[in-house]
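Residue-level structure breakdown
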Amino acid sequence: MAAPRKLKILFVTSEVIPFVKTGGLADVSSALTQKLQELGHHVRILMPKYGAIDERRFKIHEVVRLKDLSTKVGKNEVIFSIRSSFLVGAKERVQLYLLDNKHYFGVRRSLYSDPITGKEFPDNDERFILLAKSVFELIKKLGWIPDIIHCNDWQGGLIPAYLKTIYKDDPMFQNIKCVFTIHNLSYRGEFPKSSFVKTELPVEFNSPKGILLGNKISFLRSGLTFADAITTVSETYAKEISTMKEYGNGMLDVLKKRKKDLYGIINGIDIKLWNPEVDKQIPKKYSVKNISDKKINKQALAEKFGLEYKEDVPVIGMISRLYDSKGLDLIQKAFKDLMKLDAYFILLGTGDRKYHKFFETALMKYPTKFSCYLGFDDGLAHLIEAGSDMLLMPSKFEPCGLNQMYSLVYGTVPIVRETGGLADTVVKFNEKDGTGNGFSFKKYNEASLIKEISRAIKVYKNDKKAWLKLMKTGMKSNFNWLSSAKKYIEIYKKIIG
Ligand code: ADP
């Protein structure tokens, strides 16, 4: 029997932990690629080298033959280099390439927007045209021809289009297939129509059958239109975005058209990093066997956030980017009622300025019930997962969601809205037979949110046995990447033919 074919995969992404992270994409980019490599495939990653990436810490070095490459972005010749490093903490070494150009990436610490104004960088079109084009220059220079280019979100959206148009006649690229993964459809990578010429795509694609969306162009639409296969990060989200206008975010037409090429694959979690038995970032490690040690983390959490520790008063934690899509408008509307409940609420998040203001005011108004840190802090995220009794995720939509999976394995019972990946991972607690692993509500309104939180608090306070079972069920979940990584491989093989 012939040995199974090893694939060469170039994974192009705009964030990777621990190099740089704004959301779940960074976790996925590291964990999925490691698992693919462990399964015997040859994976290399390409990402931009932003100013925030610490060169020394990550031992980023120059590669002589990848220095001073050039490509065109619009009319301009742009010189860039590709530098080299490796994924951190991987069992099998995974090569990471970093696109180095001072003007577009190096001088900016933040990824997509100006931290002072909160506005997207006005040259994001040029920045991510450069990322897309650098893929082809890198392959040419290396002579390493991948079977698959796996690109992610709008930042990688032009790559499939380039493969099918301006680079299609180059024999080097003719057998390469492209997978495009949607981690979040709400970011469309939109630019004025005048940006179209900078992409250098054939003029017929300056239309809805190409990358035009209304009176703008969209890099996300480009990915959806030109990729050989499209994946997204849960089955429910795949269904929602391809059948319902309110989830389709302007892409329903193309997603409907491409339905047979669209797959939902749930993310796994990296159990080397998110596991209460080995987590170095929490005060006290614990497992199903010594679940009572979780209390020590609850005490530390209460202390850290300046709240009084009470064993019988549950702590509801939330870790989230602060945007409407994450259900922040619901929280804001329900806040008064939330503060009436016999529970503490601890929030970690950053995002929309209006929510920063709202929570800053709430801090002063409810100092004994509510506390928050409005910033990004990985250590605090681990502490909240370990120390809270419940974790709230009332998302309007949620492609996959990682926090509810982290919370389950930390014995922190999730309270979620039934959508996307939340619906695929949280099973509603049934009081009659004690089944389920969390709490969930369907209707996106304050009353449903408060009702389900109240139900959770009631079980926590009055039915210790049921609560313990909920915790244990969650802690025994298996969100290993293995089965999901295998599904990606099946798709790669299918499109290669
Ligand atoms: P999304 O990718 O939409 O932001 P996910 O739940 O898939 O949502 O992933 C969010 C990831 O980012 C989780 O790992 C979560 O812990 C982390 N995270 C979000 N906000 C913060 C923050 N303010 N500080 C630290 N980690 C955060």
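Residues numbered from 1 in each chain as written. Predicted model: local features only at pLDDT ≥ 70, side-chain atom pairs only at ≥ 80, totals over all residues. Heavy atoms only, no water.

**A word on the pattern of salt bridges**
Counting across every chain of the model gives 31 salt bridges. Between lysine 72 and glutamate 200 there is a salt bridge; the shortest N-O distance is 3.9 Å. One end of the pair, lysine 72, is in strand β3 (residues 69-73); the other, glutamate 200, is in the loop between α5 (196-199) and β9 (212-213), with 128 residues separating them in the sequence. With a closest N to O distance of 3.6 Å, glutamate 418 and lysine 442 form a salt bridge. Of this pair, glutamate 418 sits in the loop between β17 (413-417) and α15 (420-425) while lysine 442 sits in the loop between β18 (439-441) and α16 (446-462), placing them 24 residues apart in sequence. For lysine 442, a relative accessible area of 58% gives the class exposed. Among the charged side chains, a network of salt bridges with common partners joins Lys49, Glu55, Arg83 and Asp100. (Salt bridge = Lys/Arg side-chain N within 4 Å of Asp/Glu carboxyl O. Helix = DSSP H or I, 4+ residues; strand = E, 2+ residues; numbered from the N terminus. Buried < 20%, exposed > 50% of the residue type's maximum accessible area, 1.4 Å probe, protein only.)

**Re the sheet that holds strand β5 (residues 95-100)**
Pairing within the open sheet is mixed, and its 9 strands lie in the order β3-β4-β5-β2-β1-β6-β7-β11-β12. Two strands lie at the open edges of the sheet, namely β3 and β12 (262-264), each paired on one side alone. Mean inter-strand twist for the sheet, computed between neighbouring axes without regard to direction, equals 25°. Both strand β2 (residues 42-48) and β5 contribute to a ladder of 5 bridges, which runs parallel. Counterpart to proline 48 in the pairing with β5 is leucine 99. Along the sheet, helix α3 (residues 124-142) contacts β1 (8-12), β2, β3, β4 (76-86), β5 and β6 (148-152); its crossing angle with β3, the most-contacted strand, is approximately 140°. Here helix α18 (residues 482-496) sits on the sheet and contacts β1, β6, β7 (177-182), β11 (229-232) and β12; the angle it forms with β7, its principal contact strand, is near 140°. (Pairing = 2+ DSSP bridges. Axes fitted to C-alpha atoms, helices over the stretch in contact; angles between N-to-C directions. Contact = heavy atoms within 4.5 Å.)

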